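Working through the structure, step by step
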Amino acid sequence: WTLDLLGDGPERENLNQLASELGINQRILWRGFVSEAWREMDQFHCLLSFSTGEGLPIVLLEAGYRMTPVFASDVGGVSEVCGSQGAVLFSLNESDDQIAQRLHEFVTDKERVRSCAENLQNRILQLYSERRWRDDLKKIYHSVSGCSL
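Residues numbered from 1 in each chain as written. Predicted model: local features only at pLDDT ≥ 70, side-chain atom pairs only at ≥ 80, totals over all residues. Heavy atoms only, no water.

From N to C terminus, the chain includes six helices and five strands. When the helices and strands of the chain are listed from N to C terminus, the series reads β-α-β-β-α-β-α-β-α-α-α. The principal-axis extent of the C-alpha atoms belonging to the chain is close to 65 × 35 × 30 Å. In the chain, which comprises 149 residues, the share counted as buried stands at 30%. Long-range pairs, those at least 24 residues apart, make up 54% of the contacts in the chain with a sequence separation of at least 6. For the chain, the computed accessible surface area is about 9900 Å², with 51% contributed by carbon and sulfur atoms. Each charge class in the chain can be summarised by its mean position, and for the 15 positive and 22 negative side chains these summaries are 9 Å apart. (Helix = DSSP H or I, 4+ residues; strand = E, 2+ residues; numbered from the N terminus. Buried < 20%, exposed > 50% of the residue type's maximum accessible area, 1.4 Å probe, protein only. Contact = heavy atoms within 4.5 Å. Areas by Shrake-Rupley, 256 points an atom, 1.4 Å probe, with all protein chains shown as cover. Lys, Arg positive; Asp, Glu negative; His and termini not counted. Charge placed at Lys NZ, Arg CZ, Asp CG, Glu CD.)

Below, the structure written as structure tokens:
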């Protein structure tokens, strides 16, 4: 296995040191900031999102559009975007061992991985498409202006 880490931040050095201590540094690709990372989503077996807070998780919208399976922390708007069948979500209150076990169970169940990815893509296309947002915005403008559609 390999792990592509996209993005950069204050925890990078700590993560790099931990990976070295665990002897897994050779399996991690430290990619840093990747412009248009969404273009690579469909090459990944699974998107891991261990965020502690998300308002509108754009990366999950991108994963859904590209039909990439998602394993994510259940914070902020994550469950709203993914729905009940579009991803495997975990609580930040779970132990590291519990989260690791759930991730292992998820990625080894190929049917569940496929089903979650398909459900997420369908949800994203229905609820978060450009057309849907534009049509909803038009309705709001029309209701505010008093004009009929």
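Resuming the write-up.
Time to look at the sheet that holds strand β5 (residues 88-90). In a beta sheet, neighbouring strands are held together by backbone hydrogen bonds and run either parallel or antiparallel to one another. The strand order β3-β4-β5 describes an open sheet built from three strands, whose pairing is parallel. Strands with a single pairing partner mark the edges of an open sheet, and in this sheet they are β3 (47-49) and β5. Between one strand and the next, the sheet's axes are offset by a mean angle of 10°, whatever the strand orientation. As defined by bridge partners, β3 adjoins strand β4 (residues 70-73) across three bridges and the pair is classed as parallel. From the neighbouring strand, S49 faces β4, where its bridge partner is A72. (Pairing = 2+ DSSP bridges. Axes fitted to C-alpha atoms, helices over the stretch in contact; angles between N-to-C directions.)

Let's shift gears to the confidence of the model for the chain. Looking at the chain as a whole, its pLDDT mean stands at 92, while 99% of the residues score no less than 70. Put simply, helix α6 (residues 130-145) is where the chain has its lowest mean pLDDT, 88, and β5 is where it has its highest, 98. (pLDDT = per-residue confidence, 0-100.)

We now examine the packing of aromatic side chains. Under the counting rule described, the total for this entry stands at five aromatic pairs. Within the aromatic cluster, the residues linked to one another by ring pairs are F50, F71, F90 and F106. (Phe/Tyr/Trp six-rings, centres within 6.5 Å; stacked < 30°, edge-to-face > 60°.)

A cluster of nonpolar side chains, L137, I140, Y141 and V144, forms an exposed patch at the surface whose accessible area comes to about 430 Å². Residue placement: Y141 occurs in helix α6. (Patch = residues over 30% accessible without salt bridge, like charges linked within 9 Å, V, L, I, M, F, W, Y side chains within 5 Å. Salt bridge = Lys/Arg side-chain N within 4 Å of Asp/Glu carboxyl O.)

In this structure, L47, L60, V70, V78, V81, C82 and I124 are the most contacted members of the largest nonpolar core, which totals 16 residues. Every element with two or more residues in this core is listed here: α2 (58-65), β4, α3 (78-82) and α5 (110-127). (Core = buried A, V, L, I, M, F, W, Y, C linked by side-chain atoms within 4.5 Å.)

A disulfide bridge is the covalent bond that connects two cysteines by way of their sulfur atoms. Counting across every chain of the model gives zero disulfides. This cysteine, C46, is not joined by any disulfide, and C116 carries the nearest cysteine sulfur, 9.0 Å off. Residue class for C46 comes out buried when judged on its relative accessible area of 17%. (Disulfide = S-S within 2.5 Å.)

A negative phi angle is the norm for most residues apart from glycine, just as the trans form is the norm for most peptide bonds. The backbone phi angle of E36 is positive, close to 55°, even though this residue is not glycine. Counting through the fold element by element, E36 comes out in the loop between β2 (28-32) and β3. A positive phi angle, close to 60°, is found at M67, a residue other than glycine. Secondary-structure assignment places M67 in the loop between α2 and β4.

Attention now goes to the packing of α2 against α5. α5 packs onto α2 with a crossing angle of 110° between their chain directions and a minimal axis gap of 7 Å. Taken as axis vectors, α2 and α5 run roughly perpendicular relative to one another. Note on element contacts: α5 touches α2 through L120, Q121, I124 and L125, opposite L60, L61, A63, G64 and Y65. (Parallel < 35°, antiparallel > 145°, perpendicular 65-115°, else oblique.)

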